[in-house]
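# Tertiary structure, described
Each chain, letter by letter, is given below.
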Amino acid sequence: GDSVTQMEGPVTLSEEAFLTINCTYTATGYPSLFWYVQYPGEGLQLLLKATKADDKGSNKGFEATYRKETTSFHLEKGSVQVSDSAVYFCALSVGGTSYGKLTFGQGTILTVHP
Amino acid sequence: GAGVSQSPRYKVAKRGQDVALRCDPISGHVSLFWYQQALGQGPEFLTYFQNEAQLDKSGLPSDRFFAERPEGSVSTLKIQRTQQEDSAVYLCASSLGSWNTIYFGEGSWLTVV
């Protein structure tokens, strides 16, 4: 079946540090890939997405590139802020009759200190 | 409202009690999803509606779980005879249609004691 594996957390960084959160996937079809973020006390929000190989999704300084050859979609940000502290989820959806339903990784907790 | 609204936000149920969780999707959204999120885990798919039709219920963990969306807008997830393993956050999400961006509510936190 389809699955998503994220790097183990939690991740603790100082402000302005470089961030990478690894994500790899297994899919039976050709998936679209997503990063969702959950800020404290809020619901899941779409951060960025990519729908085909070599696409780069970007938003709020975050980037991720769809790498079909390595089945990866690693999240990066050049300079994190305290306000980026949240839980980050990598997810995929596949074609066919799945209606775009999402399969999530287990989440990575990010804490950024001033 | 502007977003997906869920109620109650928090529910404590005694084991064996029935619970009902409500979801108000974004107005005009055809697709509606329910997910279950255990502590420290990612959300897992439960069921999917397109308007009032429940097209996929493959993720419902047992026949104690039942979902409905009778008029194609508000949806209710019902859990009968709750067990401790049902303790989780139940997330509702909606979208304009298949393959459109999915928007999530804040979730209903269920604790079974």
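The preceding data block contains the structure.
All figures in this text were calculated on a predicted structure; none of them were measured in a lab. (Residues numbered from 1 in each chain as written. Chains lettered and ligands numbered in written order. Predicted model: local features only at pLDDT ≥ 70, side-chain atom pairs only at ≥ 80, totals over all residues. Heavy atoms only, no water.)

### Quick look at the overall build of chain A
Filter applied, for reference: Labels follow the DSSP assignment, with helices taken as runs of H or I lasting at least four residues and strands as runs of E lasting at least two, numbered in each case from the N terminus. Two things to know: the radius of gyration comes from C-alpha atoms, and the globule rule equals 2.2 Å times the number of residues to the power 0.38. Exposure is judged per residue with a 1.4 Å probe applied to protein chains only, and the accessible area is read against the type maximum: over 50% gives exposed, under 20% gives buried, and values in between give partly exposed. Contacts are residue-level and defined by heavy atoms, with any inter-residue pair within 4.5 Å sufficient. As used throughout, the charge tally considers Lys and Arg to be positive and Asp and Glu to be negative, leaving His and the chain termini uncounted. Taken as the charge centre is NZ of Lys, CZ of Arg, CG of Asp or CD of Glu, depending on the residue.
Across its full length, chain A carries zero helices and 12 strands. When the helices and strands of chain A are placed in sequence order, the string is β-β-β-β-β-β-β-β-β-β-β-β. Taken over the C-alpha trace, chain A has a radius of gyration of 14 Å; the compact-globule value for 114 residues is 13 Å, and the two agree within 12%. Counting only residues that meet the buried cut, chain A has 46% of its 114 residues in that class. In chain A, the proportion of contacts linking residues at least 24 apart, taken out of those at least 6 apart, comes to 55%. Charged side chains in chain A number 8 positive and 11 negative. The centres of these two groups are separated by 9 Å.

### Notes on the pairing of strand β4 (residues 23-26) of chain A
All names here are of chain A. Selection rule: Only when DSSP finds a minimum of two bridges between them are two strands counted as paired.
Side chains C23 and Y25 of β4 all project onto a buried face; the interleaved residues T24 and T26 project onto a face where none is buried. Strand direction decides the pairing type here: strand β1 (residues 3-6) and β4, joined by four bridges, are antiparallel. Within β4, the residue paired with T5 across the bridge is T24.

### Focus: unusual backbone geometry
Residue and element names in this part refer to chain B. Geometrically, the link from S7 to P8 is a cis peptide bond, its omega value of -10° lying close to zero. As for its position among the elements, P8 is in the loop between β1 (5-7) and β2 (10-13). Positive phi, normally seen in glycine, also occurs at R81, with a value near 45°. Mapped onto the secondary structure, R81 falls in the loop between β8 (75-79) and β9 (88-95).

### A look at the side chain of T47 of chain B
Residue and element names in this part refer to chain B. Inclusion rule: Polar contact is defined as a pair of N or O atoms within 3.5 Å, subject to the rule that within protein one atom must be able to donate a hydrogen and the other to accept it, and that residues adjacent in sequence are counted only when both atoms are side-chain atoms.
Positionally, T47 belongs in strand β5 (residues 44-50). Taking relative accessible area as the criterion, T47 reaches 0% and is therefore assigned buried. Side-chain polar atoms of T47 contact the side chain of Q54, separated by 2.7 Å.

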